[in-house]
Amino acid sequence: MPELFVSPDVDEARRFFRAKPRRMENKVTSVAAAVRRYIHDGAYIGIGGFGTNRVPTSLLHEILRQGIRGLGVSGHTATHDFQILAAGEAMDRVDVAYVVGLEARGLSRSARRLFEQGKLKVTEWTNAALAWRYQAAAMGIPFMPARIMFGTDTCRYSAAKEITCPYTGAKLLALPALYPDVALIHVHRADVYGNCQIDGITVSDLDLARAARHLIVTCERLIPTDEVRREPDRTAIPCFLVDAVCEVPFGSYPGNMPYEYFSDEEHLQAWLEAEEDPEQLASFVRRHILDVPDFEAYLELCGGLGRMRELRLTELLIGAGSAAAEQAGAEPAGPRGLEGGEGR
Amino acid sequence: MSLTYNPMELMITVAARYLEDGATVVVGTGGPCAAAMLAQRMHAPNLMIMFEAGGIGPLLPTMPISVGDSRTFYRGVGASTMPDIMGMCQRGMVDYCFLGGAQVDPYGNLNSTLIGSHERPKVRFPGSGGANDLASLCWRTMMMTPQDRRRFVPKVDFVTTPGYLGGPGAREAAGLPPGTGPYKVITNLCVIGFDETTSRMKVESLHPGVSRTDVEENTGFPLLWATDLGSTEAPTADELRVLRNHVDPLRYIIGRA
């Protein structure tokens, strides 16, 4: 039978949130300390962003370095994030919406092996289902009714239950509130208290941040609280939801960070290639994650500031050298003016 | 004058023609996105392209590599959230979605989850992602896929995403919104619609140079045939020029064929 990994008991959650500190205090800490304090063996985690976009890579690497095991994971378009956790065999159960793939880039051999060897407990969902499960938790209600998944095996292998609308008599699917033990979210800017600003799409992170019992935030840049107070409409996550704040420049690398840097497709390809063989993958993970002291050292290994600058140009559609690229740089406006602007 | 083009270029071109100006469409990466981009640059400048991660109405500068990368809201009219996009679909404001899958059956049910059993899959694929949601909620589901017997099977190993399920009325009986379902399947061989009385796949037009036998040999179940079976208009020079020069100049998608 498909298992419901996290209880949708709203009153249990209320008791937890009642005791959660609200004080505005400095929560800046290191990635290692944040992971040690909040992510324990067996915890259920939710990961912000969208697989290779605005993902908290540094926290995921640290989970591997600390040898954390038995995690439950919400696989809400979990792509490179899932690939990292799979490489470290850090999980034993997963709510699946989209895993083992890296979208247009191909499939992760290593993540697939975990499923094909029966090493994970798996419950199926969809992206909307997990998004709405966060939303139910964020609202403090035990489930969200929806009109998806009916009649499919996705539904059969989920833990959702059918209900009847009390007003219209229509069939609805009750998606149980999902309260992760810990959410990991990378944002553009945060102040020391954890007030967060995100540029671009926020995916499901507004709800994930509110649904999770604990929230670790990594940010590209720490900012003064004055900046937050000057534009309060920019606050995506208010400070009292946040337990720890870590400043990690290029923290979504090798993923994309909107308006900052594009994904490093070569490095992501190197990951996929390393996965062809388990021993090769083990040595790749040792070299890039386990044998480096921290995320900065990983960035150095991947080309450091020089590489980050290249990815920044790609993100800004500014190519180097070619006439087509110059044209793109000169006219970054219309969809017709930009071909070749990728710069590679 | 006859033009040369590859099967992917043909599929993208044909698919693009079905997306009318002013419609809303949620697309994934790859072929479907290329089709929407081509439509936007040809006959449908006001096609509202949306991505499930939150991008609304971008003027796509290059082919996105993820449905959540920054291209998906480049010069968009909105950079929103997944619950917002999925809510648009559930509210009835999204005309088309555009999907693919590892397997498809005569009713348009899609499998993108696994081959084998759920307990011990022989091959594990990514799962639904947003596909089940979009095909449950958008008015018309479009599919684009190469056609062969491995993909076009009588029964999919796992129904990830609903087509017409078991036949006429099955979607509504199961609880899905009325009036929704698969609309067209665009393959490298033909355009397939769905028969109104049986909800099964019905071939509507053959691509240039493709015979009825070619289609039958590449389908693992009996197909219905439209009485007014047409022939697909080949990609025009204009369509190919825009596709090659403006939609996918680096040949990420069209280079795969």
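Residues numbered from 1 in each chain as written. Chains lettered and ligands numbered in written order. Predicted model: local features only at pLDDT ≥ 70, side-chain atom pairs only at ≥ 80, totals over all residues.

### Describing the overall build of chain B
This is how it is decided: Only DSSP runs of H or I with at least four residues qualify as helices, and only runs of E with at least two residues qualify as strands; both kinds are numbered from the N terminus onward. Here the globule rule is a power law, 2.2 Å times the number of residues to the power 0.38, and the radius of gyration is based on C-alpha atoms. Each residue is classed by its C-beta neighbour count within 10 Å, where at least 20 other C-beta atoms makes it buried, 12 or fewer makes it exposed, and intermediate counts make it partly exposed; the C-beta atoms are placed from backbone geometry. The contact rule is simple: place each C-beta atom from the backbone, and if two of them lie within 7 Å, those residues are in contact.
Along the backbone of chain B there are seven helices and 14 strands. Here the C-alpha radius of gyration of chain B, 17 Å, is about what a compact globule of 257 residues would show, namely 18 Å. For chain B, the spread of C-alpha atoms along the three principal axes comes to 50 × 45 × 35 Å. By the burial criterion, 58% of the 257 residues in chain B qualify as buried. When contacts within chain B are restricted to residue pairs at least 6 apart in sequence, those whose partners lie at least 24 apart make up 65%.

### Describing the overall build of chain A
The number of helices and strands found in chain A is 14 helices and 12 strands. For chain A, the C-alpha radius of gyration of 21 Å lies close to 20 Å, the compact-globule estimate for 344 residues. Across the 344 residues that make up chain A, the buried fraction comes to 53%. Restricting the contact set of chain A to residue pairs at least 6 apart, pairs at least 24 apart contribute 73%.

### Describing the sheet that holds strand β6 (residues 161-164) of chain A
Either a parallel or an antiparallel arrangement is found when strands of a sheet pair, and the pairing is made through backbone hydrogen bonds. All names here are of chain A. What counts, and what does not: Being paired, for any two strands, means DSSP has found at least two bridges between them. Axes here refer to lines fitted to C-alpha atoms; in helices the fit is confined to the stretch in contact. Angles between the N-to-C directions go from 0 to 180 degrees.
The strand order across the open sheet formed by three strands is β5-β7-β6, and the pairing between neighbours is antiparallel. The sheet terminates laterally at β5 (143-146) and β6, the two strands that pair on one side only. Averaged over all neighbouring strand pairs, the angle between strand axes comes to 40°, with direction disregarded. In this sheet, strand β7 (residues 171-176) lies alongside β6 in antiparallel orientation, the contact comprising four bridges.

### Regarding the packing of helix α6 (residues 127-139) of chain A against helix α3 (residues 82-91) of chain B
Quick note on the threshold: Throughout, a crossing is termed right-handed when the near helix is turned clockwise from the far one, and left-handed when it is turned anticlockwise from it by less than a right angle.
Between α6(A) and α3(B), whose axes approach to 10 Å, the crossing angle comes to 115°. Both α6(A) and α3(B) take part in a crossing whose hand is left-handed. Taken together, the residues of α3(B) that come into contact with α6(A) (itself represented by N127(A), A128(A), A131(A), W132(A) and Q135(A)) are M82(B), P83(B) and M86(B).

### A closer look at the interface of chain B and chain A
The test is simple: Following the grouping adopted for this structure description, the nonpolar residues are Ala, Val, Leu, Ile, Met, Phe, Trp, Tyr, Cys and Pro, the charged ones are Asp, Glu, Lys and Arg, and the polar ones are all others, Gly among them.
Taken together, the 54 residues of chain B in the interface contact 58 residues of chain A. Contributing elements (two or more residues each) for the side of chain B that touches chain A: α3, β9 (121-124), α4 (131-137), α5 (170-174) and α7 (237-247) of chain B. Here the residues of the side of chain B that touches chain A sort into 24 nonpolar, 24 polar and six charged.

### Topic: the domain arrangement of chain A
To be explicit about the condition: Each domain span listed reflects an automatic or database assignment of domains.
In terms of domain boundaries, chain A breaks down into domain 1 (10-247) and domain 2 (313-344). Centre-to-centre, using C-alpha coordinates, domain 1 of chain A lies 35 Å away from domain 2 of chain A.

### A short note on helix α4 (residues 80-87) of chain A
All names here are of chain A. Counted residue by residue, α4 has eight buried out of eight residues, so it is predominantly covered. Restricting attention to buried positions, one finds in α4 the residues H80, D81, F82, Q83, I84, L85, A86 and A87. Among the residues trailing α4, E89 stands out with phi positive, at a value near 45°.

### A word on the nonpolar core
For the record, the criterion: Connectivity within a nonpolar core runs through C-beta atoms within 7 Å, and the core itself is a set of buried Ala, Val, Leu, Ile, Met, Phe, Trp, Tyr and Cys residues.
V217(A), V25(B), V26(B), A35(B), L38(B) and C97(B) are the most contacted members of the largest nonpolar core, which has 181 residues in total. If one sorts the elements of this core by residue count, α6(A) sits on top with nine residues. In this structure V25(B) touches L19(B), A36(B), L47(B), I49(B), M50(B), D95(B), Y96(B), C97(B) and F98(B), once residues within four positions along its chain are discounted.

### So, the environment of G72(A)
Inspection of the secondary structure puts G72(A) in strand β2 (residues 71-75). The contacts of G72(A), once residues within four sequence positions are left out, are F5(A), Y44(A) and R93(A).

### Details of the confidence of the model for chain B
To be explicit about the condition: The quantity called pLDDT is the predictor's confidence in a given residue, expressed from 0 to 100.
Taken as a whole, chain B shows an average pLDDT of 96; of its residues, 99% reach a score of 70 or greater. Under the prediction, the complex receives an ipTM of 0.97, its pTM being 0.95.

### Digging into the environment of F82(A)
All names here are of chain A. Take F82: it is sitting in helix α4. You can call F82 buried: it has 30 C-beta atoms within 10 Å. With 169 residues separating them in the primary sequence, F82 and G251 have C-alpha atoms 16 Å apart. In this structure, F82 is in contact with G75, V99 and A111, ignoring residues within four places of it in sequence.

### Quick look at the pairing of β9(B)
All names here are of chain B. As paired strands, strand β8 (residues 114-116) and β9 are joined by three bridges and run antiparallel to one another. Bridge pairing links G116 to P121 in β9. The hairpin formed by β8 and β9 contains four residues between the paired strands.

### Topic: the packing of helix α3 (residues 57-65) of chain A against α4(A)
Residues and elements named next belong to chain A. Definition in use: Should an angle fall under 35 degrees it is called roughly parallel, over 145 degrees roughly antiparallel, and 65 to 115 degrees roughly perpendicular, with every other angle called oblique.
Running from N to C, α3 and α4 cross one another at 10°; their axes reach a closest spacing of 9 Å. Considered as vectors, α3 and α4 are oriented roughly parallel to each other. Contacts between α3 and α4 involve L60, H61, I63 and L64 on the former and, on the latter, D81, I84 and L85. Its residues placed into classes, the contact of α3 with α4 shows five nonpolar, one polar and one charged.

### Brief notes about the confidence of the model for chain A
Residues and elements named next belong to chain A. The pLDDT averaged across chain A works out to 93; a share of 93% of its residues lies at or above 70. Taken element by element, the predicted model of chain A shows its lowest mean pLDDT in helix α14 (residues 323-330) (39) and its highest in strand β12 (residues 244-247) (99). Note on residues 321-344: pLDDT is under 50 here. Beyond four places in sequence and across chains, it has 45 contacts.

### Topic: the pairing of strand β10 (residues 214-222) of chain A
Residues and elements named next belong to chain A. Within β10, seven of the nine residues are buried, which leaves the element mostly enclosed by the surrounding structure. Taken together, the eight bridges between strand β8 (residues 182-190) and β10 define a ladder with parallel strand orientation. Each residue of the ladder has a partner; that of L184, found in β10, is I216.

### Comments concerning unusual backbone geometry
Residue and element names in this part refer to chain A. With an omega dihedral of 0°, the bond running from Y253 to P254 counts as a cis peptide bond. With respect to the helices and strands, the residue P254 is situated in the loop between β12 and α10 (265-274). A positive phi angle is found at V203, which is not glycine, with a value near 50°. Within the secondary structure, V203 is located in the loop between β9 (196-197) and α8 (205-211). Take V203: there are 29 C-beta atoms within 10 Å of it, and that puts it in the buried class.

### With respect to the environment of Y261(A)
Following the sequence through the fold, Y261(A) ends up in the loop between β12 and α10. Non-local contacts of Y261(A), meaning those with residues more than four positions away in its chain, are made with F250(A), M308(A), L311(A), R312(A) and E315(A).

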